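An overview of the molecular structure
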Amino acid sequence: MNLMTRNKKTAFNNIEETAFKRKYECFKSLLQNNNKALSLINNLEDIILEHRRFHYDEIVWLCQELISTVYDITEDINTISGGKYPELFNSVEKIGNSILREYLKKTIPDRTGCTIPLTALCRDNHDQVGNKAANLGEIFNRVNLPTPRGFAITAFASHQFLSRTGLDIIISHKIKGIDITDTEELNLACDEIKSTIMASALPEELEKCILNEVAELENEFGPCIRLAVRSSATGEDSESSSFAGQHNTLLNVDTDGVISAYKDVVASTFNPRAVFYHRSKGYRDIDVIMSVLCLIMVDSLSSGVLYSVSPTRGKDDDIYISANWGLGVSIVDGSMPTDFWQYSRTEKRIVHKEIPFKSEMLVMDPAQGITRADVPGDYRQRPCLDEQQMTTLIDYGLRLERHFGWPVDMEWTVDRKGKVFILQARPLKRIIQEEQVPLDQRPADTSGYAIICEGGMTAFSGTVSGPAYHVESEYNLGAIPEGAILVADHTSPLLVSSMSRIAGIITDVGSVAGHMSSVAREFQIPALVGTGNATRVIPNYEMITLDASEKKVYSGVVHGLLKKEKKSVNLMKDSPVHRRVSKNLKKIVPLTLIDPKKENFSPQGCSTLHDIVRFAHEMAMQSMFSLGENISPEKFKTIRLKTELPLTIYILDLGGGLDMGEQRPEATAEDISSVPFKTLLRGMSNKEVRWTGPIGIDFSRHASKTENGVGGRAGGSPSPSYAIISGEYLNFNGRSGYHFVTLDAYCSDHINDNYITFSFKGGAADAGPRIRRAVLISSVLKKLGFRVDQKGDMVRAEMKKYDRKRMETKIDYIGRLLGSVRLLDMVLTDDQDISWYVEEFLRGNYVFAGDQPERSDGCL
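Residues numbered from 1 in each chain as written. Predicted model: local features only at pLDDT ≥ 70, side-chain atom pairs only at ≥ 80, totals over all residues. Heavy atoms only, no water.

1. Digging into the overall build of the protein
Stated precisely, the cut-off is as follows: In this text, helices come from DSSP runs of H or I with a minimum length of four residues, and strands from runs of E with a minimum of two, each type numbered from the N-terminal end. Any residue under 20% of the maximum accessible area for its type is buried, any over 50% is exposed, and the rest in between are partly exposed; the area is computed with a 1.4 Å probe on protein chains only. Residue contacts are counted whenever heavy atoms from the two residues lie within 4.5 Å of one another.
A count of helices and strands for the protein gives 21 helices and 30 strands. Within the protein, buried positions represent 58% of all 860 residues. Looking at the protein alone, contacts between residues at least 24 apart form 66% of all its contacts between residues at least 6 apart.

2. Some words on the sheet that holds strand E4 (residues 249-253)
Put simply, the rule reads: Only strands that DSSP links by at least two bridges are regarded as paired with each other. Axis angles are defined between N-to-C directions and span 0 to 180 degrees, where every axis is a line fitted to C-alpha atoms and, for a helix, only to the segment in contact.
Read across the open sheet, the 5 strands follow the order E1-E2-E5-E3-E4; overall the sheet is antiparallel. Two strands close off the open sheet at either side, each with one partner strand: strand E1 (115-117) and E4. Each neighbouring strand pair of the sheet contributes to a mean axis angle of 15°, computed without reference to strand direction. Pairing of E1 with strand E2 (residues 150-153) involves 3 bridges; the strand directions are antiparallel. By the bridge assignment, Thr 115 is partnered in E2 with Ile 153. Its contacts with the sheet put helix H8 (residues 204-221) on E1, E2, strand E3 (227-231) and strand E5 (292-296), and the angle it makes with E2 is roughly 170°. On the sheet, helix H9 (residues 258-267) packs against E2, E3, E4 and E5 and is oriented at approximately 20° with respect to E3.

3. Side note on a negative patch on the surface
The line we're drawing: Exposure above 30% relative accessible area and the absence of a salt bridge qualify a residue for a patch, where like charges join within 9 Å and nonpolar side chains (Val, Leu, Ile, Met, Phe, Trp, Tyr) within 5 Å. The accessible surface values rely on the Shrake-Rupley method and a 1.4 Å probe; as for residues, cover is taken only from the protein chains in view. Basic side-chain nitrogens of Lys or Arg form a salt bridge, by our definition, when they fall within 4 Å of a carboxyl oxygen of Asp or Glu. The sign given to each residue is positive for Lys and Arg and negative for Asp and Glu; His and the chain ends receive no count. To locate a charge, the coordinates of NZ of Lys, CZ of Arg, CG of Asp or CD of Glu are taken.
Together, Asp 179, Asp 182, Glu 184 and Glu 185 give the surface a local cluster of negative charge. Along the chain, Glu 184 falls in helix H7 (residues 183-198). For Glu 184, a relative accessible area of 59% corresponds to the exposed category.

4. A look at the pattern of salt bridges
Enumeration according to the criterion identifies 33 salt bridges in this entry. Linking Arg 345 and Glu 401 is a salt bridge whose minimum nitrogen-to-oxygen distance equals 2.9 Å. Linking Arg 345 in the loop between strand E8 (339-344) and strand E9 (349-354) with Glu 401 in helix H12 (residues 387-404), this pair joins segments that are 56 residues apart in sequence. A single burial state applies to Arg 345 and to Glu 401, both of which are buried. Close ionic contact of Arg 682 with Asp 812 constitutes a salt bridge, the shortest N to O distance being 3.3 Å. With Arg 682 in helix H17 (residues 675-684) and Asp 812 in helix H20 (residues 804-820), this residue pair connects regions lying 130 residues apart in the sequence.

5. Examining unusual backbone geometry
A positive phi is found at Asn 144, a non-glycine position, where the angle reads about 60°. Looking at the secondary structure, you find Asn 144 in the loop between helix H4 (126-143) and E2. Look at Asn 144 and you get exposed, because its relative accessible area is 56%. Of note in the backbone geometry, Tyr 541 takes a positive phi value of approximately 75° without being a glycine. Residue position: Tyr 541 is located in the loop between helix H14 (534-537) and strand E20 (543-547).

6. Thoughts on the environment of Ile 321
The residue Ile 321 is located in strand E7 (residues 319-325) in this model. For the pair Ile 321 and Tyr 343, spaced 22 residues apart in sequence, the C-alpha separation works out to 8.1 Å. Residues in contact with Ile 321, not counting those within four places in the same chain, are Val 305, Leu 306, Asp 339, Phe 340, Trp 341, Leu 385, Met 390, Leu 393, Ile 394 and Trp 412.

7. Observations concerning the sheet that holds E7
Read across the sheet, 6 strands follow the order E9-E8-E7-E6-E12-E13 without closing on themselves; strand pairing throughout is antiparallel. Bordering the open sheet on either side are E9 and strand E13 (420-427), each of which pairs with just one other strand. The sheet shows a mean angle of 20° between the axes of neighbouring strands, taken without regard to direction. Contacting strand E6 (300-307), E7, E8, E9, strand E12 (408-415) and E13, H12 runs over the sheet at an angle of about 145° to E12.

8. Examining helix H10 (residues 272-280)
Burial analysis of H10 places 9 of its 9 residues in the buried class, which makes it a mostly covered element. Within H10, burial applies to Pro 272, Arg 273, Ala 274, Val 275, Phe 276, Tyr 277, His 278, Arg 279 and Ser 280. The secondary structure elements touched by the buried residues of H10 are helix H6 (167-175), H7 and helix H13 (515-523). Trailing H10 by a residue or two, Gly 282 shows a phi angle of about 90°, which is positive.

9. Overview of the nonpolar core
Rules: Nonpolar core, defined: a set of buried Ala, Val, Leu, Ile, Met, Phe, Trp, Tyr and Cys residues in which side-chain atoms within 4.5 Å join the residues together.
Counting residues in each nonpolar core, the largest one holds 64 residues, and the members touching the most others are Ile 153, Phe 161, Leu 206, Ile 210, Tyr 262, Val 292 and Met 499. Residue contributions to this core peak at 7 residues, all from H9. Every residue in contact with Ile 210, bar those within four places of it in the chain, is listed here: Thr 115, Phe 151, Ile 153, Leu 202, Val 258, Ile 259 and Tyr 262. With 56 residues, the next largest nonpolar core counts Phe 677, Phe 760, Leu 817 and Phe 841 among its residues.

10. Brief notes about the environment of Tyr 103
Looking at where Tyr 103 falls in the secondary structure, it is placed in helix H3 (residues 87-104). With a relative accessible area of 1%, Tyr 103 lands in the buried category. In this structure, the C-alpha to C-alpha distance between Tyr 103 and Val 577, residues 474 residues apart in sequence, is 8.9 Å. Beyond its immediate sequence surroundings of up to four residues, Tyr 103 is in contact with Tyr 56, Ile 59, Val 60, Cys 63, Arg 284, Arg 580, Val 581 and Asn 584.

11. Thoughts on the packing of aromatic side chains
Note the cut-off: Two aromatic rings, drawn from Phe, Tyr or Trp (for Trp, its six-membered ring), form a pair once their centres lie within 6.5 Å of each other, and the interplanar angle then sorts them: stacked below 30 degrees, edge-to-face above 60, tilted otherwise. For a lysine, the NZ atom is tested; for an arginine, the CZ atom; a charge sits over a ring if that atom is within 6 Å of the ring centre and within 35 degrees of the ring normal.
Taken as a whole and judged by the stated rule, the model has 15 aromatic pairs. Through a chain of ring-to-ring contacts, three or more aromatic side chains come together here, namely Tyr 85, Phe 601 and Phe 615. A cation over an aromatic ring shows up here: Arg 382 above the ring of Tyr 379, its NZ or CZ 4.3 Å from the ring centre. The aromatic ring of Tyr 813 is capped on one face by Arg 816, whose charged end is 4.6 Å from the ring centroid.

Rendered as structure tokens:
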């Protein structure tokens, strides 16, 4: 129950003036929409500040709802003011249309031909053919290093395929609003989409272009060529997102199977793991458009991956090479043991190597596709690279790093004649981790905890605990419990769709160069690969602790090894959607209209939606209070409060809130008969609350900000606060410095009618300190018994159905709280400070005098 929904026999029902009734109803509507708009603004800002995953449709809905609400506010203020601000409609329309145009803009690829030969490609073509194909064209044509020959089927061709057949509408309908964390639902929708794509015929022109390119290759290289048909989607292999292993690659495809293989790769845009990945990374479904790269297969003797630097250690510029016999699929899918070398640039030599026993390899099947084959006996313990091939690979990696200007993740192969070919080069996504503390220097006591698995390679460092969960196939991914540590035979990319629920990964087989290892680093999930025996020695469902940094797995939960709080990972940072949302928030969140006395405080001065909300609220207050001066002054008094508080407060008495007797230009606290307002003023005026000067803290280094602290500009009069009152009712809208407060309360002898709603937002400091103050306020209110919702720097609290005495006590505390926290956003620099301030306030130390206890990090 609040001011907006009351339907009781109070002073409000006795209003006879028609104009006042109508405008007052609009005023109530404006206040309600004001709170709604501020909440929506805060939710949008919070999405970015919290670094949480969001869906694009969520952002669009929030913005549409906000724009509609701001438009309603504009209608209300024009009704209240008699049409005084028609320019606000233009401001809402201009800002709102600019926001929605950006959000609703469709990604349409450049109009090109259906295919482009590799000999005509370079980096400049990345929008047409994706980064994978464009980078390979750059390597062949400008760096002049050997690559297989082939061609790209453009993103425009894929767009035409899906749009001309109506598949785009079908896909949008099936996948819109789907919960990507629901593995079963995601698998079902994606399987239906992929089946529909595979059953659809290509446009005649597209099919003809593909077959013509194949014919050109046959004319040059002979009729027996086989092709690798690979994904090269827009956004793939970019500096922010690798998409490693998320889309399909079909190897050893004969010329008759190219069309079907092309559709298979296009359909893989909707692999469950791919949809999970691109949405988690901040891509809309329409942002990922599939280009396809077709290359002549190399009859591979050995293949592998080269990292030109460490993927996790910022100071490590050694070169890392993984290799296996035959095709490189076994490395990137983590299905077989691999050779490993670490080459030091400074020492110009191999400083570490691992050459495991290799019994199997993947080779081209004589018919089509790939098959497992036995490694010849004398090759099983031999390195997959000789010295000359190693030298060539290192040279190629360094040349590409210099040319592209970023560390490279390079896939390569060596043919039967010993020639090295580059198959792919993309930016190496580095996730820099803190240097690990040696185990013997760690404070944690692990004695008493059995080590049940040890060894392998660290794909991503970190320590986590949770129930072990053995993954036997992709079909039991939906049953993975929240917080589980996956234990699997190998590092399959199929595991990616479960990464929102898991705490860690352990595998028998795999390499740090595998696709799943790459994605684990992007998602910052501790991963230990290539242990050799994890599935045999780690019991299913047992609680374990994975220390990927030290390559150990313990039985039980080793609390001493676990960090208290895992830092949140912003997977969407630098993605197209994240950039678009951040850009549009500049048209929504900033508040540039601060001082109503400045010339720019006008409809024309509104540059954001927040500005419009602020302007309309201020003008509504002024209009309502001037209205009260002109209509039935014997019933509705509008008067300024005379107070020693550094606040300018205007009162609109709807009846029974003031008892002044003779007419005076100002009311005093003694004239207030409104129960909740009198109580609020009593709390604000508490002798232990200091509204001026420092509050037990040195503010000298914050002088530039605190000079505006309470009451607006230094040396100027405070911005006004407004109180609408009756005998048992209060609606207080206050501004103190750069934060805004609303208190709506009904306090009577009827328990079921009583309520308090409170909101607080803003501040002059940066986001971090503002949020800490909001956490402090919410913590105090929770201890006082309020139900509290805190997001970002906004706090909303409510309490209902307490007796009058208790309600007065709570309102009194709110008054004290407002005076105590007014400048704390200037000094709350550490989360550890918050609990001290909360306890001191509850002890009555409203100026926070005294020393804070030492922090756990040894700082004061």
